[in-house]
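Commentary on secondary and tertiary structure
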Amino acid sequence: MDWRRHPSEIRPTVLVLGGFLTAPPMYRPFVDRLLERGAAEVVVARVWTPDWIIAATRGCSAITVRSGRALIDAARLSGEASEGAPLLVVGHSAGGLIARLLTAQELFPGRRFGAASRIGAIVTLGTPHELSAGSGVGRRLNEVVAGLAEATVPGAYYAPEIGYVSVASRGIRGDVTGTGRERVAHLLYRSVLGRAAVSGTLGDGLVPVDAAMLTGAQHIVLDGTVHGQGGGGPWYGTDPAMDVWWPAALAAWHEALACRVTGRPASFDSGLPGRYSS
């Protein structure tokens, strides 16, 4: 069977790319919720906390390779579970930047990922697409991951053949004179956006809304959602948040599949740095 015969009826195989300092076991409840909502199969990239610590000093090459291997495993599963349909990739936090990097033609010398043909949608959850070039954590993440993504596959680079959905939260207000949590959020927002993060900036407790909005993507902003599992409240992978963003993600994925079937023919190996060509 071939997914192109009935793209609107296919269930997606999902690849989950975890966030900075996370590990695969942390996403087990999230995997269960994806399966409950109709995912055919779910693969979590085997990127562990030490991998992220090493990446902070040596760059993201190793993490991207591990994620690429997970993408290949998920694509094989899709052959059985989703009739070979392109994957729906969900990237949490920095994992959303890795998802974008997997579509680049030759990201590192001698390492050509070019996985755009295998991906039908990229959904980013609290991903810092826009980072400060100043000092602090934002500067280092920008050097290691975000700057590389913008240089190679800026914005929603492969739309409409890939659907892009950016999910953020305005659940926590940063305020230099507010509660303890608001003061911490203000410092974290400053580390991401620099001086642009003034008192009153809204975000998920780690990433401000403005930083999480990928140019050209569908934007979804949640209420009452925090960045990660240890944030003291429902995060992007719990039911209240998923009830909002998962239907949009599924719709974006199906629309991208339909575009590949009925839209302008495209080549995923044009020899150019990242664009489709007819």
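An account of the accompanying structure is given in this report. (Residues numbered from 1 in each chain as written. Predicted model: local features only at pLDDT ≥ 70, side-chain atom pairs only at ≥ 80, totals over all residues. Heavy atoms only, no water.)

Looking at the packing of helix H1 (residues 28-36) against helix H8 (residues 239-262)
Rules: Working convention: axes come from line fits to C-alpha atoms, limited for helices to the stretch in contact. Angles between N-to-C directions cover 0 to 180 degrees. Helix and strand assignments come from DSSP, with helices taken as H or I runs of at least 4 residues and strands as E runs of at least 2, each series counted from the N terminus. Any angle from 65 to 115 degrees is called roughly perpendicular, while one under 35 is roughly parallel, one over 145 is roughly antiparallel, and all others are oblique. Take the far helix as the reference: if the near one is turned anticlockwise from it by less than a right angle, the crossing is left-handed, and if turned clockwise, right-handed. Any pair of residues with heavy atoms lying within 4.5 Å of one another is described as a contacting pair. We call Asp, Glu, Lys and Arg charged. Ala, Val, Leu, Ile, Met, Phe, Trp, Tyr, Cys and Pro are nonpolar, and the rest, Gly among them, are polar.
Where H1 contacts H8, the axes come no closer than 12 Å and their chain directions differ by 45°. Classified by the interaxial angle, the pair formed by H1 and H8 is oblique. The way H1 lies across H8 gives a crossing that is right-handed. Along its contact with H1, which presents Phe-30, Arg-33 and Leu-34, the element H8 presents Asp-239, Met-242, Trp-245 and Trp-246. Within the contact of H1 with H8, the residues separate by chemical class into five nonpolar, no polar and two charged.

A word on the pattern of salt bridges
The following threshold applies: What counts as a salt bridge is simple: a side-chain nitrogen of Lys or Arg found within 4 Å of a carboxyl oxygen of Asp or Glu. Throughout this description, buried means an accessible area under 20% of the type-specific maximum (1.4 Å probe, protein chains only), exposed means over 50%, and partly exposed covers the range between.
Taken as a whole and judged by the stated rule, the model has nine salt bridges. Between Asp-223 and Arg-170 there is a salt bridge, with the nearest N and O atoms lying 2.6 Å from each other. Taken together, the residues Asp-223 in the loop between strand E8 (218-222) and H8 and Arg-170 in the loop between strand E5 (163-169) and strand E6 (172-173) connect sequence positions 53 residues apart. Residue Asp-223 is classed as exposed on the basis of its relative accessible area, which comes to 56%. Using a relative accessible area of 38% as the deciding quantity, one classes Arg-170 as partly exposed. Taking the shortest distance from any N to any O, the salt bridge between Asp-175 and Arg-173 comes out at 2.6 Å.

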